[in-house]
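# Geometric and topological summary
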Amino acid sequence: MSDLLWQKSGVKVDADIQGFLAGDDVILDREFMLYDIEASRAHAQGLQRIGVLTAEETNAIDAELQQLANDFAAGDFVLDERYEDMHSAIEARLIERLGEAGKKIHTGRSRNDQVLVATRLWLRDRLRQVHALCIEVATIALDRARTETIPLAGYTHLQRAMVSSTAMWWSAWAEGFIDDAQRAADTYRLVDTNPLGTAAGYGVNLALDRDHVTEALHFGRLQVSPIGAQLSRGKFELAALEALGSAMLDLRRLAWDLSLFTSGEFAFVALPSQYTTGSSLMPNKRNPDVIELMRASYASVAAAKSEIEHLLSLPSGYHRDLQFSKGALFHGFGRGLKALALLPDLLRELRWNEAKMAQALEPSMYATDLAIELARDGLPFRDAYREAANPERWAKRDPQASLDARVSPGGHGDLRLDTLQARLDALRD
């Protein structure tokens with residue numbers, strides 16, 4: 001391992017203890033490395049603006065950081081056990097290549113605000129992905145809601161309840177993922193704040209040009225309080241995971257529907273073969289493994305939230321406990337985004353089996369229509385309810401007529417898809 005940034009003369013470093021302290025940081029920091037480099041470039045600009053670096057030194061540092069980013073992206077520079085973490089790797093590289101100028105890069109900052117700003121930049125990108133995927137899913141669902149009006153059995157308690165439709169089913173997911181996109185956008189605005197320049201949590205005796213660095217990194221605002229910046233570590237990660245989790249909860253329920261609808265007992269939906277796998281023993285099987293793992297993926301997001309939340313039982317100021325938040329964050333977003341990214345094409349390719357869907361419709365599913373009709377004609381609803389509960393009053397009806405009569409706002413007869421489209425269009429920006 002290279003020299004430690006915090007190494008003091010006369011202090012022995014025990015290899016086992018240092019291994020425990022470093023943990024998986026050099027592996028986990030590979031996720032953050034390019035963001036730490038980006039923030040270091042902005043920090044160097046800020047140092048030049050207050051006279052700590054000359055223009056020549058700043059240009060040399062900027063060029064070297066850009067080269068390091070290129071080398072890292074190409075695999076020519078590997079963050080490995082030679083370094084304690086990404087911060088030490090970046091500084092070691094600058095010192096190796098630039099000598100005295102490289103030694104100046106850490107002026108006015110701490111690894112505390114370095115990891116904060118790298119995390120913030122990383123979260124912004126991940127929230128953009130969540131937002132974009134939710135917009136894509138909602139768009140597909142809304143488009144299919146406009147063109148598909150097939151009667152579909154509606155269930156409560158997994159029992160046949162009322163006649164529904166594919167249009168209502170699709171519009172539900174459109175609105176759900178519009179909500180999820182909104183939540184991702186709102187969370188983005190929360191985390192889009194610059195902590196760099198708060199150092200170890202108490203500021204420094206330099207007039208750092210934090211406003212310039214905020215602008216250079218395209219943050220929406222400055223995170224003013226140094227102590228507040230430290231307190232936001234973990235809290236902002238939780239908020240981002242909750243935004244992802246909102247979409248994953250909808251994905252889980254959608255996957256549950258598809259798990260049921262693709263079963264032999266329902267057979268309402270056919271999946272393309274690439275979304276199924278075979279059994280290692282049973283030659284007849286095609287298993288919906290993709291949607292089952294989609295359904296399971298929320299567990300990783302929930303686990304990440306729980307792990308980080310349990311780390312936050314801390315007083316103010318920085319504490320090393322927070323190092324463990326990285327692995328949870330990467331695991332939750334890694335698995336969640338992979339699952340969510342497969343959903344748009346799955347929904348595009350989904351096909352309905354109209355014959356099977358029609359077979360699931362039975363006279364009892366029109367009992368609620370009958371009760372409402374009797375009440376509309378003047379019978380008190382509770383009496384109408386009892387009348388309609390009599391199986392002798394049940395009769396097979398035209399499902400499409402039942403759906404067209406469902407004119408309560410949001411029902412099949414008044415889907416209000418234009419209202420959903422307007423919300424979706426407003427979120428595209």
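None of these values were measured; they are calculated from a predicted model.

### Describing the side chain of Glu84
Its location among the elements puts Glu84 in the loop between α4 (55-74) and α5 (86-98). There is a polar contact of 3.2 Å between the side chain of Glu84 and the side chain of Arg111.

### Observations regarding the pattern of salt bridges
For the structure on display, the rule yields 28 salt bridges. Taking the shortest distance from any N to any O, the salt bridge between Arg386 and Asp383 comes out at 3.0 Å. Here Arg386 and its partner Asp383 are both found in helix α16 (residues 381-388), three residues apart, which amounts to about one turn of the helix. For Arg386, a relative accessible area of 53% puts it in the exposed group. Asp383 gets classed as partly exposed once you look at its relative accessible area, which sits at 34%.

### What about the packing of helix α8 (residues 166-191) against helix α11 (residues 235-261)?
Two elements in contact, α8 and α11, have axes whose closest approach is 8 Å; the angle formed by their N-to-C orientations is 165°. What the angle tells us is that α8 and α11 run roughly antiparallel. Crossing of α8 against α11: the hand is left-handed. Looking at the contact of α8 with α11 residue by residue, the class counts come to 15 nonpolar, three polar and six charged.

### Overview of the environment of Trp122
Tracing the sequence through the fold places Trp122 in helix α7 (residues 111-147). A C-alpha to C-alpha distance of 32 Å links Trp122 and Gln274, two positions 152 residues apart in sequence. With near-sequence residues (within four places) excluded, Trp122 lies in contact with Glu31, Phe32, Tyr35, Leu329, Phe330 and Phe333.

The rules behind each value
Every chain begins its residue count from 1, and numbering advances along the sequence as written. The model is predicted, so local features are restricted to residues of pLDDT at least 70 and side-chain atom pairs to those at 80 or more, both for listing and for counting; the totals for chains, interfaces and linings are taken over all residues. Excluded from the side-chain calculation are hydrogens and water; included are all heavy atoms of the structure. In this text, helices come from DSSP runs of H or I with a minimum length of four residues, and strands from runs of E with a minimum of two, each type numbered from the N-terminal end. For the purposes of these results, a polar contact is taken to be a pair of N or O atoms within 3.5 Å, where, inside protein, one atom must be able to donate a hydrogen and its partner to accept one; residues adjacent in sequence count only when each atom of the pair is a side-chain atom. Salt bridge criterion: a side-chain nitrogen from Lys or Arg within 4 Å of a carboxyl oxygen from Asp or Glu. For the exposure calls, accessible area comes from a 1.4 Å probe over protein chains only, and a residue counts as buried if that area is under 20% of its type's maximum, exposed if over 50%, partly exposed in between. Here, axes are lines fitted to C-alpha atoms. For helices the fit covers the stretch in contact, and angles between N-to-C directions go from 0 to 180 degrees. Any angle between 65 and 115 degrees counts as roughly perpendicular, while under 35 counts as roughly parallel, over 145 as roughly antiparallel, and the rest as oblique. For any pair of crossing helices, the crossing counts as left-handed if the nearer helix is rotated counterclockwise from the farther one by less than a right angle, and right-handed if it is rotated clockwise. Residues were grouped as follows: Ala, Val, Leu, Ile, Met, Phe, Trp, Tyr, Cys and Pro as nonpolar; Asp, Glu, Lys and Arg as charged; and all remaining residues, including Gly, as polar. Any two residues whose heavy atoms approach within 4.5 Å at even a single point are treated as in contact.

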